[in-house]
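What follows is the residue order along each chain.
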Amino acid sequence: MSQEVKTRYSESELKEFEALILDKIEKAKNELNELKRSLTKSGDSGDDITNNSTKVLEDGADTLEKENLNQLAARQQKFINNLENALIRIKNGTYGICIDTGKLISKERLKAVPHTMHSIEAKLSQRK
């Protein structure tokens, strides 16, 4: 009795991953929309009559906050793109296969990082 090594996930397992990814995409898009709303709101500062030094400090803080929100929005968009690419890999039959080793990525890793294309083994060897 030879133990056959699994090289792909079953259709039902792929459906499970697809549902997980779709849920994460929905949540990520909601967060991205919230970040975009915050960005447009941060530009709407009231016209209070205050002294110039306070205004300069507020402008600097607003600029910093806007930069941080822009960075968060960019990261969120990248995360969404990675998740959408994972859906494409599910459709074309390459999802869950490490691009470095060609081995199946563990279910636990895919549940934690569903858009990954690297097994733990490959990821750890990249750090060396």
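See the structure printed just above.
Residues numbered from 1 in each chain as written. Predicted model: local features only at pLDDT ≥ 70, side-chain atom pairs only at ≥ 80, totals over all residues. Heavy atoms only, no water.

Undergrad: How would you explain the nonpolar core if you had to name every residue and give the values?
TA: Formed by 14 residues in total, the largest nonpolar core has its most connected members in Phe17, Ile21, Ile90, Tyr95 and Leu110. Counting residues per element, the ones that place at least two in this core are α1 (11-42) and α2 (52-92). In this structure, Tyr95 is in contact with Tyr9, Leu14, Phe17, Ile21, Ala86, Arg89, Ile90, Leu110 and Pro114, ignoring residues within four places of it in sequence. Ala28, Leu35, Leu39 and Leu69 belong to the second largest nonpolar core, which has 7 residues in total. (Core = buried A, V, L, I, M, F, W, Y, C linked by side-chain atoms within 4.5 Å. Buried < 20%, exposed > 50% of the residue type's maximum accessible area, 1.4 Å probe, protein only. Helix = DSSP H or I, 4+ residues; strand = E, 2+ residues; numbered from the N terminus. Contact = heavy atoms within 4.5 Å.)

Undergrad: Just give me the short version of the side chain of Arg89, but keep the residues and values in it.
TA: Mapping Arg89 onto the fold places it in helix α2. Although buried, Arg89 forms no salt bridge, and the nearest oppositely charged side chain, Glu84, lies 11 Å from it. (Lys, Arg positive; Asp, Glu negative; His and termini not counted. Salt bridge = Lys/Arg side-chain N within 4 Å of Asp/Glu carboxyl O.)

Undergrad: Could you give me a rundown of the packing of aromatic side chains, with the residues and numbers involved?
TA: Tallied over the full model, the rule gives 2 aromatic pairs. Geometrically, the ring pair formed by Tyr9 and Phe17 is edge-to-face, given 5.3 Å between the ring centres and 70° between the ring planes. On the basis of relative accessibility, which here comes to 10%, the residue Tyr9 falls in the buried class. Among the residues examined, Phe17 registers a relative accessible area of 2% and is labelled buried. An angle of 55° between the planes, with centres 5.4 Å apart, marks the rings of Phe17 and Tyr95 as tilted. Here Phe17, found in helix α1, pairs with Tyr95, found in the loop between α2 and α3 (107-112); they are 78 residues apart in sequence, far enough to count as distant. The burial state of Phe17 is the same as that of Tyr95; both residues are buried. Joined through ring pairs, the aromatic side chains of Tyr9, Phe17 and Tyr95 make up one cluster. (Phe/Tyr/Trp six-rings, centres within 6.5 Å; stacked < 30°, edge-to-face > 60°.)

Undergrad: Describe the environment of Leu87, and please don't skip the residues or the numbers.
TA: With respect to the helices and strands, Leu87 occurs in helix α2. Beyond its immediate stretch of four places on either side in the chain, Leu87 contacts Glu18, Ile21, Leu22 and Ile25.

Undergrad: So what's going on with the pattern of salt bridges? Which residues, and what values?
TA: Taken as a whole, this structure holds 8 salt bridges when the rule is applied. Lys91 is the salt-bridge partner of Glu18, the closest N and O atoms lying 2.8 Å from each other. Placement of Glu18 in helix α1 and of Lys91 in helix α2 is noted, with a sequence separation of 73 residues between them. Glu18 gets classed as buried once you look at its relative accessible area, which sits at 14%. Residue classification places Lys91 among the exposed residues on the basis of a relative accessible area of 62%. Between Arg37 and Glu34 there is a salt bridge, with the nearest N and O atoms lying 2.4 Å from each other. Linking Arg37 with Glu34, this pair stays in helix α1, spanning 3 residues, or about one helical turn. A single salt-bridge network, built from bridges that share partners, covers Lys15, Glu18 and Lys91.

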